[in-house]
Amino acid sequence: MNSGGTSVLLVVDMQNDFCAGGALAVPDGDAVVPQINQMMAQFEHVVLTQDWHPPGHSSFASGHAGNEPFDVIQMPYGEQILWPDHCVQGTSGAAFHGDLSTDPAQLVIRKGFRPAIDSYSAFSENDHATPTGLHGYLHEMEAKKLVIVGLAYDFCVFYSAMDASMLGFDVTVVTGACRAIDLNGSKDAATKAMLDAGIHLVESWP
Ligand code: VGL
Ligand code: ZN
């Protein structure tokens, strides 16, 4: 799978808190683990992302008196959905799903660790100005194609795919290996925006 440039598999936020019983469980999130494990063997480079918030992170509704999870508030960098406390650094909720093969990963990108900014994209914080370092890694690996899977389809997968496309990568999202939170139509909106951006959406891989 190397014709036309190096391909990288980006596995987004396959963590306990986004799976069954987790603090921000994505419906059916666990179901994608076996397919992702199989896919890893087919790529020269595998990168994992890990949502990694300090306690009391500004995206947590618990720190905003009068607000509840899934409310939308204004932050200096724009609108922010408030989430239940999730993926707190060092907790079991922030750990990767126990059945995920993490051995093939060459790089783990942690994001969302700055107390005042949330981070959905694997490339930059939600201020769209603070990079994570992933772009530099991909540049050095001479990556041209990015295949993206994981959780959640309509948040971290979506924003990662859009940034990757904007940065000039050939991007494919494997929808069968993703699951969505789907807040107020966010799943369909994500699909439309990705198709408009020229991102390839395929049900399975290869
Ligand atoms: C995510 C909401 C908050 C995600 C992370 O991984 O899609 N969503 N933090
Ligand atoms: Zn988060």
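All of these numbers come straight from a predicted model, not from anything done at the bench.

Student: I'm lost on the sheet that holds strand E2 (residues 45-51) in this one. Help?
Tutor: Consider a sheet: its strands pair through backbone hydrogen bonds, and that pairing is either parallel or antiparallel. Pairing in this open sheet of six strands is parallel, and the strands run E5-E2-E1-E6-E7-E8 from one edge to the other. In this open sheet, the two edge strands, each paired with only one partner strand, are strand E5 (107-111) and strand E8 (200-202). Looking at each pair of strands side by side, their axes are set apart by 25 degrees on average, direction ignored. For strand E1 (residues 6-12) and strand E6 (residues 143-151), the ladder comprises seven bridges, and the chain directions are parallel. From the neighbouring strand, Leu-9 faces E6, where its bridge partner is Val-147. Along the sheet, helix H1 (residues 33-40) makes contact with E1, E2, E6 and strand E7 (170-179), crossing E7 at roughly 145 degrees.

Student: Just checking my understanding: could you explain unusual backbone geometry for this structure?
Tutor: What is expected of a backbone is that most residues other than glycine have negative phi and most peptide bonds are trans. Between Leu-151 and Ala-152 the backbone carries a cis peptide bond, its omega angle lying at -15 degrees. Its location among the elements puts Ala-152 in the loop between E6 and helix H3 (153-166). With omega at 5 degrees, the peptide bond leading from Trp-205 into Pro-206 counts as cis. Tracing the chain through its elements places Pro-206 in the segment after E8.

Student: How do you make sense of the site of ligand 1 when you look at a structure like this?
Tutor: Near ligand 1, the surroundings consist of Asp-13, Phe-18, Leu-24, Asp-51, Trp-83, His-86, Leu-151, Ala-152, Phe-155 and Cys-156. Side-chain polar atom of Asp-13 to an oxygen atom of ligand 1: 2.6 Å apart, as the coordinates give it. Contact between ligand 1 and Cys-156: an oxygen atom at 3.1 Å from a main-chain N or O atom of the residue. Taking 260 Å² as the accessible area of ligand 1 by itself, protein coverage stands at 100%. In the shell around ligand 1, the residues fall into seven nonpolar, one polar and two charged.

Student: Could you clarify how one ought to interpret the coordination of the zinc ion (ligand 2) in this entry?
Tutor: For a metal with four donors in a tetrahedral arrangement, the ideal angle between donors is 109.5 degrees, while six donors in an octahedron ideally sit at 90 or 180 degrees. Within the protein, Asp-51 (OD), His-53 (NE2) and His-86 (NE2) serve as the donor atoms for the zinc ion (ligand 2), at 2.0 to 2.2 Å. Coordination geometry of the zinc ion (ligand 2): the four donor atoms subtend angles of 89 to 168 degrees at the metal centre, consistent with an arrangement described as irregular. The motif formed by the donor residues of the zinc ion (ligand 2), counted along the single chain, is D-x1-H-x32-H.

Student: What should I look at first to understand the packing of aromatic side chains in this one?
Tutor: This structure, assessed with the given rule, holds eight aromatic pairs. Aromatic rings pair up to connect Phe-70, Trp-83, Tyr-120, Phe-155, Phe-158 and Tyr-159 into one cluster. Positioned above the aromatic ring of Trp-52 is the side chain of Arg-110, whose terminal nitrogen or guanidinium carbon lies 3.7 Å from the ring centre.

Student: Even after reading the chapter, I still don't get the pattern of salt bridges, so can you show me in this structure?
Tutor: A full pass over the atoms with the stated rule returns five salt bridges. A salt bridge links Asp-13 to Lys-111; the shortest N-O distance between them is 2.9 Å. Here Lys-111 lies in strand E5 and Asp-13 lies in the loop between E1 and H1, a separation of 98 residues in the sequence. Exposure class is identical for Asp-13 and Lys-111. Each is buried. For Asp-51, the salt bridge is made with Lys-111, and the minimal N-O distance between the two is 3.0 Å. Of this pair, Asp-51 sits in strand E2 while Lys-111 is found in strand E5, placing the two residues 60 residues apart along the sequence. Exposure remark for Lys-111: the relative accessible area of 0% places this residue in the buried category. A single network of salt bridges, built from pairs that share partners, joins Asp-13, Asp-51 and Lys-111.

Student: Could you clarify how one ought to interpret the side chain of His-53 in this entry?
Tutor: Relative to the assigned elements, His-53 resides in the loop between E2 and strand E3 (72-75). Classification of His-53 as buried rests on a relative accessible area of 1%. Separated by 3.1 Å, the side chains of His-53 and His-86 make a polar contact. When sequence neighbours within four positions are dropped, the list of residues in contact with His-53 reads Ser-59, Phe-60, His-86, Cys-87, Val-88, Gln-89, Gly-112 and Asp-118.

About the criteria used
- Within every chain, residues take consecutive numbers counted from 1 along the sequence as written.
- Chains and ligands are labelled by the order in which they are written, letters from A for the one and numbers from 1 for the other.
- In keeping with the model being predicted, local features are shown solely for residues with a pLDDT of at least 70 and side-chain atom pairs are shown and tallied solely at 80 or more, while totals for entire chains, interfaces and linings include all residues.
- Excluding hydrogens and water, the side-chain values take into account all heavy atoms of the structure.
- Two strands are counted as paired when DSSP detects at least two bridges linking them.
- What counts as a helix is a DSSP run of H or I of at least four residues, what counts as a strand is a run of E of at least two, and both are numbered from the N terminus.
- To get an axis, fit a line to the C-alpha atoms, keeping to the stretch in contact for a helix; angles then go from 0 to 180 degrees between the N-to-C directions.
- The contact criterion used is simple: two residues touch if any of their non-hydrogen atoms lie within 4.5 Å.
- Neighbouring residues are identified by heavy atoms, a residue being near a molecule or strand if any of them is within 4 Å of it.
- Polar contact is the term for a pair of N or O atoms within 3.5 Å; when the atoms are in protein, one must be able to donate a hydrogen and the other to accept it, and sequence-neighboring residues count only if both atoms are side-chain atoms.
- Calculation of accessible area relied on Shrake-Rupley with a 1.4 Å probe; when residues are assessed, cover is drawn exclusively from the protein chains displayed.
- Note on residue categories: nonpolar means Ala, Val, Leu, Ile, Met, Phe, Trp, Tyr, Cys or Pro, charged means Asp, Glu, Lys or Arg, and polar means any other residue, Gly included.
- Coordinating donors are taken as N, O and S atoms within 2.8 Å of the metal, stretched to 3.2 Å for Na, K and Ca; because water is absent from the atoms, sites can appear incomplete.
- A four-donor site is called tetrahedral if each angle lies between 85 and 135 degrees; a four-donor site is square planar, and a six-donor site octahedral, when trans pairs exceed 155 degrees and the remaining angles lie between 65 and 115; all other cases are labelled irregular.
- Pairs were defined over the aromatic rings of Phe, Tyr and Trp, the Trp ring being its six-membered one, requiring ring centres within 6.5 Å. Orientation was assigned from the angle between planes: stacked under 30 degrees, edge-to-face over 60, tilted for the rest.
- Each ring is checked for a lysine NZ or an arginine CZ that lies within 6 Å of its centre and within 35 degrees of its normal; such an atom marks a charge sitting over the ring.
- A carboxyl oxygen of Asp or Glu within 4 Å of a side-chain nitrogen of Lys or Arg is what we treat as a salt bridge.
- When accessible area is computed with a 1.4 Å probe and restricted to protein chains, residues below 20% of their type maximum are described as buried, those above 50% as exposed, and intermediate ones as partly exposed.

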